[in-house]
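# Structure assessment
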There are 2 protein chains.
Amino acid sequence: MKAYKNMSKDELLALKEELTKAFEDAKGKGLKLDMSRGKPTPKQLDLSMEMLDILPSDCDYKTEAGTDTRNYGVLDGIPEAKSLMGEIMGIPADNVIVCGNASLPIMYDCVSRSMVFGVCGKTPFMKQEKLKFLCPAPGYDRHFRITETFGFEMITIPMVEGGPDMDMVEEYVNNDPTVKGIWCVPKYSNPLGTTYSDETVRRFAALNPAADDFRIYWDNAYAVHHLYEEKDKQDQLLNLYEELKKNGKEDLLLEFASTSKVTFAGAGIGAVGASDANIAWIKKTMTVQTIGYDKMNMLRHVRYLKNLAGVEKHMMRHAELMRPKFEAVLDVFDRELSGLEIGTYTRPRGGYFISFDTLPGCAKAVVEKCKEAGVTLTGAGATFPYGKDPKDTNIRIAPSFPTPEEMAAAADLFVLCVKLVTVEKLLAE
Amino acid sequence: MKAYKNMSKDELLALKEELTKAFEDAKGKGLKLDMSRGKPTPKQLDLSMEMLDILPSDCDYKTEAGTDTRNYGVLDGIPEAKSLMGEIMGIPADNVIVCGNASLPIMYDCVSRSMVFGVCGKTPFMKQEKLKFLCPAPGYDRHFRITETFGFEMITIPMVEGGPDMDMVEEYVNNDPTVKGIWCVPKYSNPLGTTYSDETVRRFAALNPAADDFRIYWDNAYAVHHLYEEKDKQDQLLNLYEELKKNGKEDLLLEFASTSKVTFAGAGIGAVGASDANIAWIKKTMTVQTIGYDKMNMLRHVRYLKNLAGVEKHMMRHAELMRPKFEAVLDVFDRELSGLEIGTYTRPRGGYFISFDTLPGCAKAVVEKCKEAGVTLTGAGATFPYGKDPKDTNIRIAPSFPTPEEMAAAADLFVLCVKLVTVEKLLAE
């Protein structure tokens, strides 16, 4: 195929006519698909239904230690749930707190706690003059909304090969005491689907923050979310907690995970893992905030998933559902876009997203065109701080919710829109 | 019986000898009872076990509106859960947000949100010079810990006939703009077990706060927690939300409730009810904090309890278990303390506590003596701001956890300790 940029104006005009006709046809098909959020499909939720039989009316509702999960108490979660979530995060059970039904509120709470009470006894953020937070982008919009809401100046860190641009991260973190944290989705990252390299993790572990209240927000949301069973087709993330420990810097880390995309997106369990000092800090206000989270749901999860091996086995059933959707999209992209030089995309081996980069200035228009023909994508720009993609190139594709067939149809429409918008853009130049 | 204060020194000395001997005997019995927290007994938790069969693996997991409760979404709770919790609180479903497994974190969040973001767009508390919070006492220690932790100056408001001393409340609220809130447990209050009178509620509804960001924290924790089935033996609380509406002041209210002491103390559902403006304010940051709380547990609750009538019926089964314990304690108190003038106590018709007032300066010593003989009570002073009971008189008794027989034994020990400590006190004067 001929690259669009090498086409003459006449070629582009002819192509535009052809694509416009195809787009009108596509609109007529009445598609109605939502690829906007990383939302499990009902079939994935069906995979965990047996967990609901774990605690019936005649169940043993006690933990291994004999605690009645129905009653008050146990601030940091039942020990077996701490073990399970610790295994997933690669952090010892003693350094884990299991909370409510998701990890987002735990992250929010950590930031909120830092605002009011300060990090580990340091000056509360709200009593400090200036606050900055590093935001590797494209990244997770809900992360950025937290720091935006709390009034941080958000610094965009470009995502490059192997993770965030570590030169820039080091420059900021090691020199600027107003930099208080960085958002990371280190494995099968949202939205790129890529995993931080060992070198990146080691550079995180070697940071010398100018601020003594700087923390790495390590959202390990897709720790076990592989698309392939073969080990050589699975990304491996170096254990940051271990790497930090080697350097005596484990206090820099706040790691998060949940079973939202393992069991039920609305009724999972979430956890935070951190150093002794950080756990003590979290517990200090947590004990004022709550008597304890839902231990019955923790017990349900532990009895059902058992351990990391059980989780991994369970995740392969998710992979069977997810893989064809990713492949359907990538097949269409490969077939339709090869050689055109009108977009690049990631080829994730896990997680929930494929990231697509259009030519500069096209992403918003592509998302709008898709919407016009019935396919809803994440709003263009959402993957950047303040919702503003400076080059207007990035589009997050979430293939989980539709069927593989629907995904193929949606991908067809998507590439059509990319082509059409690009042609229009080139003609307007 | 002769009042202790009318006894001669010789009489007191003889009594002391007798009581000391009895106390030593009691110690020998090796009692081991915990009356420190308002914790349901396992038998109460057993009452709700059938709820665990509501959502088995082959269940219908959808709400009436067709929402898949297993998946993400629905920030403010499923509509049927909003209805249920609204009925319990006496607030329309549209003005209710159903959250996680308890109400304490919702209260904490409301204070925390006010600290950082301000109340409904007003200046954040943390940007204000001075903050005060009114604390009717004796009251709930966990309330006081929240406002202490956030750095409020806590003002003790004496509990009098019909509720908090409203003259003092009005004086503070209507004149002092640094007063930002008041903690209330208006029905079967913690620890008195008494209910605010209609006049008290009406006076709350007529407050003219000097601060435009003042809120009434109305913790209706025991809204349906009667001990008796007969209507004339149940306390009735005037609906503050309705009374405020009559005065166009509904923005003053934040009402809280949960099913912690209806179904499972560790795995219930909690809710907040408030005016349109307050609900919008809460949602504004809540949507940054979470994608939504556990909808499956909400569905479980709604299908099991159905509606307020269902809840009330269910609560009568709790009453059957609780009533004998309260009566066992009160029987011992009536029999053993009548005429001695060494203590007064409340006679609650609901809730979880009996409140006991010793002569000044005796409460701490009584709690210590009880502990010495194997009965753990809530720490003396806990029912006051900063954990300091100025007169050292108040002791909170939580009869729910032990059996009625154990409660009688514990009450026997308790009155023995009250007698002994009082005699020692009188002899020392």
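Residues numbered from 1 in each chain as written. Chains lettered and ligands numbered in written order. Predicted model: local features only at pLDDT ≥ 70, side-chain atom pairs only at ≥ 80, totals over all residues. Heavy atoms only, no water.

We now examine the domain arrangement of chain A. Residue and element names in this part refer to chain A. Looking at chain A, the domain boundaries give domain 1 (4-44 + 319-428) and domain 2 (61-306). The C-alpha-based centres of domain 1 and domain 2 are spaced at 31 Å. Taken residue by residue, the interface counts 24 residues in domain 1 and 30 residues in domain 2. Across the interface of domain 1 and domain 2, roughly 2,300 Å² is buried in total on both sides, 58% from carbon and sulfur atoms. Counting the surface domain 1 buries against domain 2, the share from its top three residues, R349, P385 and Y386, is 30%. For the pair domain 1 and domain 2, the interface holds 2 salt bridges. (Domains from an automatic or database assignment. Contact = heavy atoms within 4.5 Å. Buried area = accessible area lost by both parts, 1.4 Å probe. Salt bridge = Lys/Arg side-chain N within 4 Å of Asp/Glu carboxyl O.)

Ranked by internal contacts, the top residues of the largest apolar core, which has 189 residues, are F204(A) and F204(B). Apart from residues lying up to four places away in sequence, F204(A) is in contact with P164(A), M166(A), V169(A), I182(A), C184(A), Y196(A), I216(A), W218(A), L240(A) and L244(A). (Core = buried A, V, L, I, M, F, W, Y, C linked by side-chain atoms within 4.5 Å. Buried < 20%, exposed > 50% of the residue type's maximum accessible area, 1.4 Å probe, protein only.)

For the pair chain B and chain A, the best superposition has an RMSD of 0.0 Å and corresponds to a rotation of 180 degrees with a translation of 0.0 Å parallel to the axis. Put plainly, the chains are arranged around a two-fold axis. Interface overlap between copies: 100% of the residues of chain B at the interface are likewise at the interface in chain A, consistent with a symmetric, same-surface contact. (Least-squares fit on C-alpha atoms with pLDDT ≥ 70 in both.)

A separate point is the side chain of D392(A). Residue and element names in this part refer to chain A. Mapped onto the secondary structure, D392 falls in the loop between strand 12 (375-377) and strand 13 (394-397). Among buried charged residues, D392 stands out as having no salt bridge; its nearest opposite-charge side chain is K364, 5.2 Å away. In this structure the side chain of D392 is engaged in a polar contact, spanning 2.9 Å, whose partner is the backbone nitrogen of K364. If we ignore the near neighbours within four places in the chain, the residues touching D392 are T358, L359, P360, G361, C362, A363, K364 and A380. (Helix = DSSP H or I, 4+ residues; strand = E, 2+ residues; numbered from the N terminus. Lys, Arg positive; Asp, Glu negative; His and termini not counted. Polar contact = N/O pair within 3.5 Å; in protein donor to acceptor, adjacent residues only side chain to side chain.)

With 57 residues of chain B at the interface, the matching set in chain A holds 57 residues. Buried surface at the junction of chain B and chain A, summed over both partners, amounts to about 4,900 Å²; 58% is from carbon and sulfur atoms. There are 2 salt bridges connecting chain B and chain A. Note that D46(A) is salt-bridged to R70(B), the shortest N-O span being 2.7 Å. Counting the contacts that link chain B with chain A gives 15 residue pairs in polar contact (both at pLDDT 80 or more). Within the residue set of the side of chain B that touches chain A, elements represented by two or more residues are helix 2 (42-46), helix 4 (104-117), helix 5 (141-149), helix 9 (276-289) and helix 10 (295-305) of chain B. Among the elements that make up the side of chain B that touches chain A, the one with the highest residue count is helix 4 of chain B (8 residues). Here the side of chain B that touches chain A is built from residues that sort into 29 nonpolar, 14 polar and 14 charged. (Nonpolar A, V, L, I, M, F, W, Y, C, P; charged D, E, K, R; others polar.)

So, on to the side chain of S112(A). Tracing the backbone through its elements, the reader meets S112(A) in helix 4 (residues 104-117). Residues within four places of S112(A) in sequence aside, it is in contact with F150(A) and S112(B).

Here we take up the pairing of strand 4 (residues 153-160) of chain B. All names here are of chain B. Of the pairings in the sheet, the one linking strand 3 (residues 132-137) to strand 4 comprises 6 bridges and is parallel in character. The residue of strand 4 that forms the bridge with P136 is I157. Here strand 4 pairs with strand 5 (residues 163-164) via 2 bridges, running antiparallel. The partner of M159 across the bridge, within strand 5, is P164. (Pairing = 2+ DSSP bridges.)

As a further point, take the packing of helix 4 of chain A against helix 5 (residues 141-149) of chain A. Residues and elements named next belong to chain A. Relative orientation of the contacting elements helix 4 and helix 5 amounts to 25 degrees, with a least axis distance of 10 Å. When the interaxial angle is binned, helix 4 and helix 5 end up roughly parallel. The interaxial crossing formed by helix 4 with helix 5 has right-handed handedness. Of the residues in helix 5, those touching helix 4 at L104, M107, Y108 and V111 are R142, H143 and I146. Partitioning the contact of helix 4 with helix 5 into residue classes produces 5 nonpolar, 1 polar and 1 charged. (Axes fitted to C-alpha atoms, helices over the stretch in contact; angles between N-to-C directions. Parallel < 35°, antiparallel > 145°, perpendicular 65-115°, else oblique. Left-handed = near helix turned anticlockwise from the far one by under 90°.)

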